[in-house]
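Per-entry structural report
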Amino acid sequence: MAIIKLENLSKTYSSQVEEVQALKNINLTIDKGDFIVVNGPSGSGKSTLLNLLAGIDEASLGDIQINNISLSSLSDRERTELRRNKIGLVFQYFELIPVLTAWENVEYPLLLQKVSKSERRRKVDRILEQVGLSKMAQRLPSQLSGGQKQRVAIARALVTDPEIVLADEPTGNLDTKTGEKIIELMLNLNREYNVAFVIVTHDLFVNKYAQKLIEIQDGILKIKEVNEYA
């Protein structure tokens, strides 16, 4: 079942000096439960693609539909609300709130959704257990390793039960061994929750986990490989 459809999508950035076409006529369907890995050199359009999928940026041409709702038809406030309820975000540098504990960082998006206290406790406790951080729940980010911080970030992205998680270089700030553990965790959660993941990465070891492997070169998207896994 399609969650997101990109139809003839293009993005152009303009300056006084030149116009740069970051993405060119992109067509892509993201289905429920997909595990997609996106490769490409710096400046190829990978981060632009994630920003468009998240509704942070707007397309120059074409359309993005999430659950058959066109993002171009939504106001800024409506896009923010959709992102809050339907999309989880994971970043290379974790973006945790330093004065909040791991537990409170994961709870934070539920507070924005005005979820009840009892339901927040149930959901946060459950997801922290699933990412293996129950015993670290009361630690501040400064007291956690890089891999533990990324686990908190993944828990925060999933605690709202999104339909898709967008991850921008989630292993880029980690050593290879820790990075592999993080990707394996994402894959396990992808299967358990049947939530789609789109992972933008320079780390080629991530490719072996991809259900769909996509390459972006000079703003042009190409599906390189489709793998079925149990």
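Just above, that's the structure.
Our subject in this report is the structure included herewith.

Conventions used here
- Residues numbered from 1 in each chain as written.
- Predicted model: local features only at pLDDT ≥ 70, side-chain atom pairs only at ≥ 80, totals over all residues.
- Heavy atoms only, no water.
- Pairing = 2+ DSSP bridges.
- Helix = DSSP H or I, 4+ residues; strand = E, 2+ residues; numbered from the N terminus.
- Contact = heavy atoms within 4.5 Å.
- Axes fitted to C-alpha atoms, helices over the stretch in contact; angles between N-to-C directions.
- Buried < 20%, exposed > 50% of the residue type's maximum accessible area, 1.4 Å probe, protein only.

Below, the discussion takes up the sheet that holds strand β2 (residues 19-31). Through backbone hydrogen bonds, the strands of a sheet pair up, either in parallel or in antiparallel fashion. An order of β2-β1-β4-β5 is seen for the four strands of this open sheet, with the pairing classed as antiparallel. The strands lining the two open edges of the sheet, one partner per strand, are β2 and β5 (69-70). Pairing between strand β1 (residues 2-14) and strand β4 (residues 61-66): five bridges, direction antiparallel. Across the sheet, Lys 5 pairs through a bridge with Gln 65, a residue of β4. The strands that helix α1 (residues 46-53) touches are β1, β2 and β4; relative to β1, the one it contacts most, it runs at about 125°.

What follows covers α1. Counting buried positions along α1 gives six out of eight residues, so the element sits mostly inside the fold. All buried positions along α1 are accounted for by Lys 46, Thr 48, Leu 49, Leu 50, Leu 52 and Leu 53. Just past α1, the residue Gly 55 takes up positive phi, approximately 75°.

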